[in-house]
Amino acid sequence: MPVVVVVTGAASGIGRATATRLVQDGFTVAGLDRDEKGLAARADELGERFVSVAGDVGERASHEEAARVASDLGALTGWVNVAGIWTPTRAHDLDDEALERVLR
């Protein structure tokens, strides 16, 4: 049975690098990200040991879907939260909506 890890933000950046390394080390990765094109590129790059889960890390339903997909693949062993957003301003200048988006 494959050992499975969910990686959020898996379509690019640190999440992509983390997913790649885990696949290289023999894990199966369920990659969760809003960027469906990026996820498709990772799946092409990493092969059958990478499964795309399109969703928003800030939404409970996306976490539940990623957990379901991962459990269907094998033994869900870990969850690596890498997803994040960058807001080009100082934290104390964020309005309530922008702050909520960053915190989610």
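Residues numbered from 1 in each chain as written. Predicted model: local features only at pLDDT ≥ 70, side-chain atom pairs only at ≥ 80, totals over all residues. Heavy atoms only, no water.

Peer 1: For this particular structure, what's the right way to read helix α1 (residues 13–24)?
Peer 2: Counted at 1.5 Å a residue, the expected span for α1 with its twelve residues is 16 Å, and the 17 Å between its end C-alpha atoms agrees. Looking only at α1, the buried set comprises G15, A19, T20, L22 and V23. Angularly, the buried residues of α1 cover 165° about the axis, an arc narrow enough to put them on a single face. Across α1 from its buried face, at more than 90 degrees, point the exposed residues G13, I14, R21 and Q24. Next to the buried residues of α1 lie β1 (3–8), β2 (28–33), α2 (36–46) and β3 (50–54). Following α1 by one or two positions, G26 has its phi on the positive side, about 100°. (Helix = DSSP H or I, 4+ residues; strand = E, 2+ residues; numbered from the N terminus. Expected span 1.5 Å × (residues − 1). Buried < 20%, exposed > 50% of the residue type's maximum accessible area, 1.4 Å probe, protein only. Arc of directions from axis to C-beta. Contact = heavy atoms within 4.5 Å.)

Peer 1: Help me out: how do you make sense of the pattern of salt bridges in this one?
Peer 2: Pairs can form between side chains of opposite charge whenever their charged atoms are close. The final tally for this structure, using the stated rule, is six salt bridges. Among the ionic pairs, R68 bridges to E65, the shortest N-O distance being 2.7 Å. Of this pair, R68 and E65 both sit in helix α3 (residues 60–73), three residues apart, which is roughly one turn of the helix. Sharing partners across several salt bridges, the network here consists of R16, R42 and E45. (Salt bridge = Lys/Arg side-chain N within 4 Å of Asp/Glu carboxyl O.)

Peer 1: I tried to follow the pairing of β1 on my own but got confused; where do I start?
Peer 2: As a general feature of sheets, a regular strand has side chains that alternate between the two faces. Among the six residues that make up β1, five are buried, leaving the element largely enclosed by the rest of the structure. Both β1 and strand β4 (residues 75–80) contribute to a ladder of five bridges, which runs parallel. Paired with V4 across the strands is L76, a residue of β4. For β1 and β2, the ladder comprises five bridges, and the chain directions are parallel. (Pairing = 2+ DSSP bridges.)

Peer 1: Mind showing me how you'd approach the nonpolar core here?
Peer 2: Inside soluble globular proteins, nonpolar side chains tend to come together where they are buried. Formed by V5, V7, A10, A11, A19, L22, V23, V29, L39, L46 and F50, the largest nonpolar core amounts to eleven residues. At the level of secondary structure, the elements contributing two or more residues to this core comprise β1, α1 and α2. If one sorts the elements of this core by residue count, α1 sits on top with three residues. Ignoring anything within four residues of it in the chain, the contact list for V7 reads G15, T18, A19, L22, V29, A30, G31, L32, V80 and V82. Among the nonpolar cores identified, the runner-up in size contains eight residues, and V4, V6, V53 and A70 belong to it. (Core = buried A, V, L, I, M, F, W, Y, C linked by side-chain atoms within 4.5 Å.)

Peer 1: Help me understand the sheet that holds β4 in this model?
Peer 2: Each strand in a sheet pairs with its neighbour through backbone hydrogen bonds, running either in the same direction (parallel) or in the opposite one (antiparallel). Spatially, β3-β2-β1-β4 is the arrangement adopted by the four strands of the open sheet, whose pairing is parallel. The sheet is open, and its two borders are formed by β3 and β4, each paired with just one other strand. For this sheet the average axis-to-axis angle between neighbouring strands, irrespective of direction, equals 25°. Across the sheet, α1 is in contact with β1, β2, β3 and β4; its angle to β1 comes to roughly 170°. (Axes fitted to C-alpha atoms, helices over the stretch in contact; angles between N-to-C directions.)

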